[in-house]
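# Coordinate analysis (summary)
Each chain is listed here by its residues.
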Amino acid sequence: MPTLNPKENLLRVLHGQMPEYVPQYSYYGPLPGVEGPPPNMGIGLAPMRGEVREDGSFTDLWGVPFTSVEEVGGFSLPTPDEFILEDITRWQDYIKVPERMKDVDWKAAAEESMKNLAYGRDTTSLWYGPSGGTFLQLMNLMGFSEGLSALYEEPDAVKELLQFFFDFYYPIAEQVFDIIQPDVMNLSDDAATEKNPFISPLMYREFFVPIYREYAKFAIDRGIPINMHLCGRGEDFIPDLVRIGVCSWEPVQLENDILEVKARFGRQMVIGGGWEGRGRLTELDVTDEEIRQSVRDAFDKYAVGGAYMFAAAYTPRKRDDELTTHWNTVLQKEAWDYGQNFYK
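## Here we look at the packing of aromatic side chains
Tallied over the full model, the rule gives 34 aromatic pairs. On the basis of an interplanar angle of 25 degrees and a centroid distance of 5.7 Å, the ring pair of Phe135 and Phe198 is categorised as stacked. Of this pair, Phe135 sits in helix H4 (residues 135-142) while Phe198 sits in the loop between strand E7 (184-188) and helix H7 (201-207); the two residues are 63 residues apart in sequence, bridging distant segments of the chain. You can call Phe135 buried: its relative accessible area is 0%. When the ring of Phe299 is compared with that of Phe310, the centres are 5.5 Å apart and the planes differ by 70 degrees; the resulting orientation is edge-to-face. Taken together, the positions of Phe299 in helix H11 (residues 288-302) and Phe310 in the loop between strand E11 (308-309) and helix H12 (322-340) put the pair 11 residues apart, joining distant regions of the chain. Comparing Phe299 with Phe310, the two get one shared label, buried. Of the aromatic side chains, those joined through ring pairs into one cluster are Phe135, Phe144, Phe198, Tyr204, Phe207, Phe208, Tyr212 and Phe237.

## Comments concerning the packing of helix H6 (residues 155-180) against helix H8 (residues 209-220)
Between H6 and H8, the shortest axis-to-axis distance is 11 Å and the interhelical angle comes to 10 degrees. It follows that H6 is roughly parallel to H8 by the angle criterion. Touching Leu162, Phe166, Tyr169, Tyr170, Ala173, Glu174 and Phe177 of H6 are Ile211, Glu214, Tyr215 and Phe218, all from H8.

Conventions and cut-offs
- Residues numbered from 1 in each chain as written.
- Predicted model: local features only at pLDDT ≥ 70, side-chain atom pairs only at ≥ 80, totals over all residues.
- Heavy atoms only, no water.
- Phe/Tyr/Trp six-rings, centres within 6.5 Å; stacked < 30°, edge-to-face > 60°.
- Helix = DSSP H or I, 4+ residues; strand = E, 2+ residues; numbered from the N terminus.
- Buried < 20%, exposed > 50% of the residue type's maximum accessible area, 1.4 Å probe, protein only.
- Axes fitted to C-alpha atoms, helices over the stretch in contact; angles between N-to-C directions.
- Parallel < 35°, antiparallel > 145°, perpendicular 65-115°, else oblique.
- Contact = heavy atoms within 4.5 Å.

Put into structure tokens, the structure is as follows:
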């Protein structure tokens, strides 16, 4: 029987050690088919929330409207053609700290969030994200066409805007970090498509890595591991992220050369993923055994030697999607069952 609970086992791999069994990472709360609370959860601060509507759509802190999209399980995306920043050189005219945020007692907000935790700290690791993303923040404000163009055409204005956001978020992190005492610093910036990054590593290094570095240093000084949420083929960015101290990456999708990343960085970079619900695994007649075998195949290929966590799930096709719920139950239970004895 394992001696470490799922939280302890997950943190063990994030701290560069060999886990007792294959750790699981949860995107949606408790892992279906696995008893007990989730091994990880994020924490948010109530004042950071924008205006949320009943259908799941909302307006974020900076005024960007998001629309709930039924086809991806009700997740919200920036509303098309309603971007609020048209001219990056005039960003000061559009982007301002909301009045309601200027007198927030952030320590009190953090204390209130800690009172309302859904799970105990002894069983569930707490992941804190200090900002809403850096690359994506720019894209949410301008849309990808205008946002990517701004990086090329008006780099100084972009850097001013990114510094503005950093100057807003970083002091909040300084105030709340010791109250929350998170187990993991969670950075999040989807800067890649399925085929390639949206920008070159050189541009990534110029605009975004310096900001990540400041957050990373803050965590490293406190002995906290750092995770980066980066969808798509993000492997080109990994050397820079390792250089500043990021030690975990999820979701590592199959378009990346995962074995090469493992061979190059070893336990410096935990691979969270190596599995995707694509192709045969998403056909309506896929069998439970096919799903279970896909998990075993992923572990046999990527979990060898450690530095791996199973960070994967089917995205619901719609709200209250019973079929996807069943698939996720089969998926996560097999990850738990097969992972228990993998390193023995």
